[in-house]
Amino acid sequence: MNIKFFIKKLANRLLIWQAKLAMCMVPFMYVELANATTPVTDLGSVASTLTSSFSNLAKLITAGAYMAGIGFAMASMLKFKAHKDNPTQIPIGTPIALLFIGAALIFLPNIFGIAGNTIFGGTGGAGGVYGVTGLSGSP
């Protein structure tokens, strides 16, 4: 079996599996909306319940950005190897672009935190992105 065909087939199956997993996880993010122990009496409590679920969404986006960034970085390594084996088939711009996309996705959560502090200020509690954590070791 051709190794390129096998890798493409494996990547497609992995992508389909990730999409199915994401679709199964979406209902669990909004469990708080159906919580019967806290009665919803007015529009303010509905808004409070909705905004409390945004921290979980921010954590999901953060985890997804890290995982996708690592995936793009690993894909760039494979493309660098493919370019080394056959430079006429794989242009050098493809692995470089994948590497830059991977780096951007890895640092995306930190950029969210910095942009939130820039736009809303460091002391404001009404707006901003919550649930975003940077890489360990970063200030």
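Here is a short report on the structure shown in this document. (Residues numbered from 1 in each chain as written. Predicted model: local features only at pLDDT ≥ 70, side-chain atom pairs only at ≥ 80, totals over all residues. Heavy atoms only, no water.)

1. A closer look at the overall build of the chain
Phase 1: When helices and strands are tallied, the chain shows four helices and zero strands.
Phase 2: Scanning the chain from its N terminus toward the C terminus, one meets helices and strands in the order α-α-α-α.
Phase 3: Counting every position in the chain, which comprises 139 residues, the buried fraction comes to 12%.
Phase 4: Residue pairs at least 24 apart in sequence account for 62% of intrachain contacts in the chain once pairs closer than 6 positions are excluded.
Phase 5: Just so you have it, the chain exposes about 10500 Å², and 74% of that area is on carbon and sulfur atoms. (Helix = DSSP H or I, 4+ residues; strand = E, 2+ residues; numbered from the N terminus. Buried < 20%, exposed > 50% of the residue type's maximum accessible area, 1.4 Å probe, protein only. Contact = heavy atoms within 4.5 Å. Areas by Shrake-Rupley, 256 points an atom, 1.4 Å probe, with all protein chains shown as cover.)

2. Examining helix H4 (residues 93-120)
Phase 1: Along its 28 residues, H4 runs 37 Å from first to last C-alpha, staying within 8% of the 40 Å computed at 1.5 Å per residue.
Phase 2: In the structure, H4 departs most strongly from a straight axis at Leu 108, where the bend amounts to approximately 45° and where the proline Pro 109 lies between one and four residues downstream.
Phase 3: Turning to H4, its buried residues are Pro 95, Leu 98, Gly 102, Pro 109 and Gly 116.
Phase 4: After H4 finishes, the residue Gly 121 shows a positive phi value of roughly 85°. (Expected span 1.5 Å × (residues − 1). Bend = angle between axes of the 7 residues up to and from the residue.)

3. Remarks on the packing of helix H3 (residues 54-85) against H4
Phase 1: Remark: H3 packs on H4, axes separated minimally by 7 Å, with the N-to-C direction vectors making an angle of 160°. It follows from the interaxial angle that H3 and H4 lie roughly antiparallel. Judged by the twist between their axes, the crossing of H3 over H4 is left-handed.
Phase 2: For the contact of H3 with H4, the class distribution of residues is 19 nonpolar, five polar and one charged. (Axes fitted to C-alpha atoms, helices over the stretch in contact; angles between N-to-C directions. Parallel < 35°, antiparallel > 145°, perpendicular 65-115°, else oblique. Left-handed = near helix turned anticlockwise from the far one by under 90°. Nonpolar A, V, L, I, M, F, W, Y, C, P; charged D, E, K, R; others polar.)

4. Some points on the environment of Thr 62
Phase 1: Looking at where Thr 62 falls in the secondary structure, it is placed in helix H3.
Phase 2: Residues Thr 62 and Pro 109, 47 residues apart in the sequence, show an inter-C-alpha distance of 5.7 Å.

5. Observations concerning a nonpolar patch on the surface
Phase 1: There is a patch of nonpolar side chains on the surface, built from Phe 80, Ile 92, Ile 96, Leu 99 and Phe 100 and spanning about 450 Å² of accessible area.
Phase 2: At three residues, the largest contribution of residues to the nonpolar patch is made by H4.
Phase 3: Mapped onto the elements, Ile 96 comes out in helix H4. (Patch = residues over 30% accessible without salt bridge, like charges linked within 9 Å, V, L, I, M, F, W, Y side chains within 5 Å. Salt bridge = Lys/Arg side-chain N within 4 Å of Asp/Glu carboxyl O.)

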